[in-house]
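# A look at the structure
Given next are the chains, with one letter for each unit.
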Amino acid sequence: MLDIALFRNDKDFKKLLESEKNRFRETKNAEETKKYDELWKKAKQTCEEKKAEKNKITKEIAELAKNKKPIDQLKEKSKKIDTEIKDLEQKQIEYLKSRDKYRSEVGNILWHNTTIGQGEENNHLIKCCGKAKVQKSHIKQFKTLSGGKMQFEELKFNPKSHVDIGLEKDLFDLERAAKISGSRFYFLKNKLAILHLSILRFAIDKLMKKGFNFMYTPFIVNKDTIEKTAELSDFEEMLYKVGNDQFLIATAEQTLAGFHMDELIPKDSLPLKYVGLSSCFRREAGSHTKDTRGIFRVHQFDKVEQYIFCLPEDSEKIHNEMIKNEEEIIQELELPYRLMDICSSDLNLTAAKKNDLEAWMPVQGTFRELGSGSITTDYQTRNLNIKYEDKNEKFVVHSLNCTILASPRILTAIIENHQTKEGKINIPKALWLYTGFKEI
RNA sequence: GCAGGGAUGGCGGAGUGGUUAACGCGUUAGACUGCUAAUCUAAACUCCGAAAGGAGGCGAGGGUUCGAAUCCCUCUUCCUGCGCCA
């Protein structure tokens, strides 16, 4: 959540309200936060005055007891104050709870160059990369979606969807998965399962070469951690609860963010760069009709994720680096993609800025998200209490996250883009060493 | 799973019911001497407050007490031993 100081200072509060308006959100959360903060402060003050009074009496008793003098009268007085304190304390706690409930619903302050706009159609196209294979009937739409900036060649055959190819070539089993687990589950089979493993390892090796620490993280976190790393809406739509108070992670971002919880990080060790591998679990509630066929949108997948802790002034530079890392990987997988700046209304609360990388899908005739990277400033790290020290003063570190790739989603892009007229799937050269085969 | 022992500042570590959580290391600032070394002095948990000041803090949450790091209960977590196990 945001620094409470931003709500107290008029100038900052104005900026904050403007940011909320630019997100096309009501300013009620911010206003209620401010209101309850003031109530809390007042209640706290009166409560502390009572406590001070009581502490004074306690000290007097200690003095009397030392000299073996009677203390009964003061004891009575102290007990009386106690009941008053209890009431005041109750009030104080309630105000603080309300304050932070509203505060957690205020979005991060938008980054200076975040695209302001409402609705997906206002996302801003940053760049295109690669050469797309486009069916004749999709050319017009392709040109619009790529802003006319992307190279393409017309497909000379009718491409098959990843679902058809997968079933034809016995690369996954969806029916049996549905029978034993439910919809949106899958068995990956044979060479496709190998490709899945290969692609993860390929990505991890690449990032380790860039100096990232590789982390294979837990898949389950406790309530405390999930509350500090997820947003309220995630609990309703995304997260699986297991056991009493534990949750399956929806992304390694949650474990990596929590890795340094309650730590004071030496300034000169920043930035701390992590690349995590984990399975991810998502309920996908509220997306019942979307992408139901195949392995594009599933309840369980594996993801390689970058997560970096850094100094506030380095956020933007590092964000760009992380996006570049993602791009490099997708380029080596020879997938045509576009990079989008997500507009303000479509940002999650944590993100001040978010860029999505979307691959061209020749069968659907549209771009689909492969991953995204966000500037989150100190929004998560404040909850997690991760600080660094500079000249004996403590500051909250900043953090950023960015996908490298998620599989099996990326497999759908590979299958559809790299299929040949003869019905084969070409494996990108970069993966040969890992797969041990060049085509499926 | 069972039994025993722990959890105190950035780190190490004392403190077994009474006013201000000792001490050491490291950090920062200042002084001093050719010096960034040594030495000396000071500062540094969190919250409210412009400040003066006040409140809360010893893994978390409760309780006993005028008063709890210290006593009691529940939980979390770590260590040791035993058991089980891919």
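Residues numbered from 1 in each chain as written. Chains lettered and ligands numbered in written order. Predicted model: local features only at pLDDT ≥ 70, side-chain atom pairs only at ≥ 80, totals over all residues. Heavy atoms only, no water.

## What to know about the domain arrangement of chain A
Stated formally: As used throughout, domain bounds are those supplied by an automatic or database domain assignment. Between two residues, a contact is recorded if the distance between any of their heavy atoms is within 4.5 Å. Two parts placed together each lose some accessible area under a 1.4 Å probe, and the buried area is that loss summed for both. Nitrogen and oxygen atoms within 3.5 Å of one another constitute a polar contact, given that in protein one can donate a hydrogen and the other can accept it, and given that sequence-neighbouring residues count only through two side-chain atoms.
If you check the domain split of chain A, you get domain 1 (5-103) and domain 2 (120-435). The C-alpha centroid of domain 2 is placed 43 Å from the C-alpha centroid of domain 1. On the side of domain 2, eight residues touch domain 1, which itself brings five residues to the contact. Summing the contributions of domain 1 and of domain 2, the shared interface buries around 450 Å²; its carbon and sulfur component is 44%. Of all residues in domain 1, R23, R25 and R103 bury the most surface against domain 2, accounting for 79% of the area lost on that side. At the boundary of domain 1 with domain 2, the tally comes to three residue pairs in polar contact (both at pLDDT 80 or more).

## Some remarks on the nonpolar core
This is how the line gets drawn: Put simply, buried Ala, Val, Leu, Ile, Met, Phe, Trp, Tyr and Cys residues joined by side-chain atoms within 4.5 Å make one nonpolar core. Buried means the residue's accessible area, taken with a 1.4 Å probe over protein chains only, is under 20% of the maximum for its type, while exposed means over 50%, and partly exposed covers the values in between.
Core analysis: the biggest nonpolar cluster contains 56 residues, and L192, I199, V304, L333, L405 and I410 have the highest contact counts within it. In this view, I410 contacts I199, I330, L333, L335, L370 and L405; residues no more than four positions away in its chain are not counted.

## A look at the sheet that holds strand β8 (residues 241-242)
Inclusion rule: Two strands are said to pair when DSSP picks up at least two bridges between them. Numbered from the N terminus, helices here are DSSP runs of H or I no shorter than four residues, and strands are runs of E no shorter than two.
Overall, antiparallel pairing links the three strands, which are arranged β7-β9-β8 in an open sheet. Two strands in the sheet have a free side with no partner beyond their single neighbour: β7 (220-222) and β8. In this structure, β8 lies alongside strand β9 (residues 246-248), joined through two bridges in antiparallel fashion. Looking at β9, one finds that K241 is bridged to F247.

## Details of the environment of T115
You can see T115 is positioned in the loop between α4 (72-103) and β1 (124-129). Exposure remark for T115: the relative accessible area of 18% places this residue in the buried category. The sequence separation of T115 and K354 amounts to 239 residues, and the corresponding C-alpha distance is 9.6 Å. Excluding anything up to four places from it in sequence, T115 contacts N122, H124, D341, I342, C343 and S344.

## A closer look at the packing of aromatic side chains
As a reminder, the rule being used: Each aromatic pair joins two rings of Phe, Tyr and Trp (for Trp, the six-membered one) with centres within 6.5 Å, and gets the label stacked for planes under 30 degrees apart, edge-to-face for over 60, and tilted for any other angle.
Inspection of the entire model under this criterion finds 15 aromatic pairs. On the numbers, 6.0 Å between centres and 10° between planes, the contact of Y36 with Y102 is stacked. Of this pair, Y36 sits in helix α3 (residues 28-66) while Y102 is found in helix α4, placing the two residues 66 residues apart along the sequence. With respect to class, Y36 is no different from Y102; both count as buried. On the basis of an interplanar angle of 65° and a centroid distance of 5.1 Å, the ring pair of W360 and F367 is categorised as edge-to-face.

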